[in-house]
Amino acid sequence: MSVASPCKQICAIDEATGWCTGCQRTIAEIAAWGALDDDAKRAVWAVLPSRGRNDVILNEANDPGVDIEILRSAQDDAGGRSTP
């Protein structure tokens with residue numbers, strides 16, 4: 001199964017950060033998404049908590065393409081909330 005897109009259908013680039021206000025991806029990450037392999041998609045998911053995307057684990061924990069341990073580790077490293 002393919003790794004789900006983090007898109008939230010709230011598409012606007014924050015000029016200060018260069019990240020989409022909905023999904024926290026850069027324009028380059030958004031543009032490349034369709035061509036990325038699953039490992040590269042997981043790598044993008046892993047950095048989203050450090051950009052303020054604190055709902056990643058709650059929304060994507062059931063996606064078999066997302067490694068929950070990588071997400072938890074990235075979120076903990078970013079000072080985000082943890083889930084049990």
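Conventions we followed
Residues numbered from 1 in each chain as written. Predicted model: local features only at pLDDT ≥ 70, side-chain atom pairs only at ≥ 80, totals over all residues. Heavy atoms only, no water. Helix = DSSP H or I, 4+ residues; strand = E, 2+ residues; numbered from the N terminus. Buried < 20%, exposed > 50% of the residue type's maximum accessible area, 1.4 Å probe, protein only. Disulfide = S-S within 2.5 Å. Phe/Tyr/Trp six-rings, centres within 6.5 Å; stacked < 30°, edge-to-face > 60°. Lys NZ or Arg CZ within 6 Å of the ring centre and 35° of its normal.

## Some thoughts on the environment of A4
Then comes step 1: With respect to the element layout, A4 can be found in the segment before α1 (27-32).
Then comes step 2: Taking the relative accessible area as the measure of exposure, A4 reaches 30% and is therefore partly exposed.
Then comes step 3: Taking the C-alpha atoms as reference, A4 lies 9.3 Å from R42; in sequence the two are 38 residues apart.

## Description of the state of the cysteines
Then comes step 1: Counted under the stated rule, the structure contains zero disulfides.
Then comes step 2: With no disulfide of its own, C11 has C7 as its nearest cysteine by sulfur position, at a separation of 4.3 Å.
Then comes step 3: Free of any disulfide, C23 has its nearest cysteine sulfur in C20, 3.9 Å distant.

## Section: the packing of aromatic side chains
Then comes step 1: The tally for this structure, following the rule as stated, stands at zero aromatic pairs.
Then comes step 2: The residue whose ring lies beneath R25 is W33, and the NZ or CZ to ring-centre distance is 5.1 Å.

## Overview of unusual backbone geometry
Then comes step 1: In this structure, Q9 is a non-glycine residue whose phi angle is positive, near 65°.
Then comes step 2: Residue position: Q9 is located in the segment before α1.
Then comes step 3: At Q24, a position not held by glycine, the phi torsion is positive, near 70°.
Then comes step 4: Assignment of secondary structure puts Q24 in the segment before α1.
Then comes step 5: Judged by relative accessible area, which is 14%, Q24 ranks as buried.

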